[in-house]
Amino acid sequence: MAAPHSLTTAPILPTLWRLSVPNMFAMVATALVSVAETVYVGLLGTPALAGMALVFPLIMLQQMLSAGSIGGGISAAVSRAIGAGQQARADALALHAVIISAVLGLFFSALILLWGRPLFALIGGQGAALEQSLAYAQIAFAGALSIWLANALASVIRGAGNMKTPSLTLLGVALGQIVLGGLLGLGWGPVPRLGMAGIALGQVIAFSLGALYLYRHLRTGQGRVRLVFATRLLQRSHFHDILKVGAVASISSLQTVMTILIITRIVAGYGTEALAGYGIGARLEFLLIPVTFAIGVACLPLVGMALGSGLVPRARRVAWTGASLAAAIVGGIGLLVAVFPDAWSRLFTEQPQVIAYAGSYFRWVAPAYGFFAFGLCLYFAAQGAGKLLGPVLAGTLRLLLVAVGGWLLVHYAVPVEGMFALISAAMLLYGLVTALAVYYARWGD
C-alpha cells in the first residue's frame, strides 16, 4: 500500500486556506471573463447583447456541469482512491474521466449544431438577436470538447491534492479569453472584426490550449496521477465511481439555472429599473460565489482522502471548517454591502431609481449570503463523501420556494421588496437544510 498522502494528516484550517487561495484567483478571473465579454458584446450593439442573453444560460450550465458536477465527481473518486492507497485505481480513473467528459462535450456540440436555432427560438429568440445568438453558440459549442476536457483534467489533478497547477492553468485560460475575445471579436489592430463568432472563438482557443497543457502534465507523470490510455484499464465500476456523484450533482446545477431563470423572469415583471437593480446585485454574487467554490473544491479532496483512509471524524471537521471559512468571508462582505449598498451600485449606474432598487435588494438579500456560502461549501464537501442526496434536496426546496412563492407574490401584486425577501429566505433555507443533511448523513460507509 502507498504511503499516506500528506493531506490526510496536515492541519485542517491552514491547509484549506493554502489550497483555496490559488482557486480563488482562478475563479475570480473566470468571473471577470464574463464581465469583459459583456463589454465586448455591448460594443457590437443591442442585438448582440440580446443574443448573448439567450446563450448565457447554456454556457453557464455547461460550465457548472463540467467543472462543478461531473468535475466534482472526478475529484471525489480520485481523492478517495489516493486516500485508500490505490494508485492504480486513481490512474485508471483519469482515463475514465476523459472518456466521460469527451462524450458529454460532443453531446453539447451536437445539441447546438443540430438544434440550436429551434432551441433559442423556443426561449424567445427572434430576428437579429436570434442570428447573433447562433453566431456565438455555433462556434462556442463546436469547441465544447475543449471546455469539458480542460475541466476534467483539472478535476483529476485537484483530486490528487494539487490546486496550484489547475488554478494557474485556468487563470491563463481566463486571461487568454479576455485578450483573444477582444482581438478576434472587435478586430483590434490589423485583425479582422469577427463579431460574436470571434468572441466565441477566443474562448475555444483559450480552453484548447489549457486542455493541452493539463493533458501534457498528466501524460508525462508530473503529478501524483498519470493519464494512461489502455483498454485493459476500462472498468464499469470506475465509470460508476465518478457518475454516482457527478450525475446526482448535475441535478443541483440544473436546479441552480432554473432558479436563476425564474427569479429573472419574475423580477423583470416589475419593470426595467427593478431588473437593473437586481442585475447589479446578481453581479456581485457572481463574484462572491467563486470564493465559496474555491474553498469548496479545496474541501473536496481533503474529505475524499480522509474517507479513503478511514478517517471519518477528520472528513467531517474538514467540511465544517471549510463551510465556516466560506460563510465568514462571504457573509462578512454581505453584511458590509447591506449597510453600504450604494458603494457597489454606483460602480454601474447613477440612476436614482436603479440605485434604490439595488439598495433594497442588498438590504434584504445580502445578510443571507453567509448562509448560502455555508450550504454551498458543504455541498462540495458532500461530493467528496459521495453523499449528495441531502444537499441536492436542499436545492430542490430552494427552487420550489422561489417558484411557488414567486407565483404567489405576482398573483397578489406584492411589491418587488417581497420578491427580494423571498430570495433571501430561499438562501437561508438552502444553507440550513444542507447543514442538517450533512450533519445527519452517514459518511464512510
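Residues numbered from 1 in each chain as written. Predicted model: local features only at pLDDT ≥ 70, side-chain atom pairs only at ≥ 80, totals over all residues. Heavy atoms only, no water.

Looking now at the pattern of salt bridges. Enumeration over the complete set of coordinates arrives at five salt bridges. Measuring nitrogen to oxygen at the nearest pair gives 3.2 Å for the salt bridge that ties Asp241 to Arg89. Taken together, the residues Asp241 in helix α8 (residues 236-268) and Arg89 in helix α3 (residues 87-122) connect sequence positions 152 residues apart. You can call Asp241 buried: its relative accessible area is 7%. What makes Arg89 partly exposed here is its relative accessible area of 25%. Here Arg346 and Glu350 are joined by a salt bridge, their closest N and O atoms 2.9 Å apart. (Salt bridge = Lys/Arg side-chain N within 4 Å of Asp/Glu carboxyl O. Helix = DSSP H or I, 4+ residues; strand = E, 2+ residues; numbered from the N terminus. Buried < 20%, exposed > 50% of the residue type's maximum accessible area, 1.4 Å probe, protein only.)

Let us now look at unusual backbone geometry. In this model, Ala413 sits at a positive phi of 55°, which is unusual for a non-glycine residue. Inspection of the secondary structure puts Ala413 in the loop between α14 (389-411) and α15 (416-440). According to the relative accessible area criterion, Ala413 is exposed, its value standing at 62%.

Under the criterion given, the structure shown has 13 aromatic pairs. When the ring of Tyr379 is compared with that of Phe380, the centres are 5.3 Å apart and the planes differ by 75°; the resulting orientation is edge-to-face. Pair check on accessibility: Tyr379 and Phe380 agree, each one buried. Judged by centre distance (5.0 Å) and plane angle (90°), the rings of Tyr439 and Tyr440 are edge-to-face. An aromatic cluster is present here, built from Phe107, Phe108, Phe141 and Trp148 joined pairwise through their rings. (Phe/Tyr/Trp six-rings, centres within 6.5 Å; stacked < 30°, edge-to-face > 60°.)

The next subject is the state of the cysteines. For the structure shown, the criterion picks out zero disulfides. Take Cys299: it sits in no disulfide, and the sulfur closest to it among the cysteines is that of Cys377, at 4.0 Å. Residue classification places Cys299 among the buried positions, given a relative accessible area of 0%. On the accessibility criterion, Cys377 (0% relative accessible area) is buried. (Disulfide = S-S within 2.5 Å.)

To continue, consider the nonpolar core. Phe141 and Tyr369 are the most contacted members of the largest nonpolar core, which totals 135 residues. Sequence-distant contacts of Tyr369, that is, excluding residues within four places in its chain, are made with Gly281, Leu284, Glu285, Leu288, Val330, Gly334, Tyr361, Phe362 and Met427. In this structure, Ala150, Val173, Ala206 and Phe207 belong to the second largest nonpolar core, which totals six residues. (Core = buried A, V, L, I, M, F, W, Y, C linked by side-chain atoms within 4.5 Å. Contact = heavy atoms within 4.5 Å.)

Here we take up the side chain of Gln383. Among the structural elements, Gln383 can be located in helix α13 (residues 369-385). One polar contact links the side chain of Gln383 to the main-chain carbonyl oxygen of Ser69, over a distance of 3.5 Å. If we ignore the near neighbours within four places in the chain, the residues touching Gln383 are Gly68, Ser69, Gly72, Gly73, Ala76, Arg80, Val245, Ala249, Leu300 and Leu388. (Polar contact = N/O pair within 3.5 Å; in protein donor to acceptor, adjacent residues only side chain to side chain.)

Considering the arrangement of structural elements, one finds Asn151 in helix α5 (residues 144-159). A polar atom in the side chain of Asn151 sits 2.8 Å from the side chain of Ser66. The residues touching Asn151, leaving out its near neighbours within four places in the chain, are Gln63, Ser66, Ala67 and Leu170.

Moving on, we come to the packing of helix α9 (residues 272-308) against helix α12 (residues 352-365). Put simply, α9 and α12 touch, their axes get as near as 7 Å, and they point 50° apart. By the criterion of interaxial angle, the relationship of α9 to α12 is oblique. Remark: the crossing between α9 and α12 carries right-handed chirality. The residues of α12 that touch α9, namely those facing Glu273, Ala274, Ala276, Gly277, Tyr278, Ile280, Gly281, Leu284 and Glu285, are Gln353, Val354, Tyr357, Ala358, Tyr361, Phe362 and Val365. Counted by class, the contact of α9 with α12 contains eleven nonpolar, three polar and two charged residues. (Axes fitted to C-alpha atoms, helices over the stretch in contact; angles between N-to-C directions. Parallel < 35°, antiparallel > 145°, perpendicular 65-115°, else oblique. Left-handed = near helix turned anticlockwise from the far one by under 90°. Nonpolar A, V, L, I, M, F, W, Y, C, P; charged D, E, K, R; others polar.)

Another point: α3. Helical geometry note: an α-helix holds 3.6 residues per turn, so side chains three or four residues apart project in the same direction. Maximal helix bending in α3 amounts to about 80°, located at Trp115; proline Pro118 follows within four positions. Backbone geometry just after α3 places Gly124 at a positive phi near 110°. (Bend = angle between axes of the 7 residues up to and from the residue.)

Before going further, it helps to examine the environment of Met196. Note on placement: Met196 falls in helix α7 (residues 196-219). The class for Met196 is buried, based on a relative accessible area of 2%. Remark: the alpha-carbon pair of Met196 and Ile59, spanning 137 residues in sequence, is separated by 14 Å.

Turning next to a nonpolar patch on the surface. Taken together, the side chains of Ile139, Leu194, Leu201, Ile205, Leu209 and Leu212 present a nonpolar region at the surface, about 490 Å² in accessible area. By secondary structure assignment, the location of Ile205 is in helix α7. A relative accessible area of 31% means that Ile205 is categorised as partly exposed. (Patch = residues over 30% accessible without salt bridge, like charges linked within 9 Å, V, L, I, M, F, W, Y side chains within 5 Å. Areas by Shrake-Rupley, 256 points an atom, 1.4 Å probe, with all protein chains shown as cover.)

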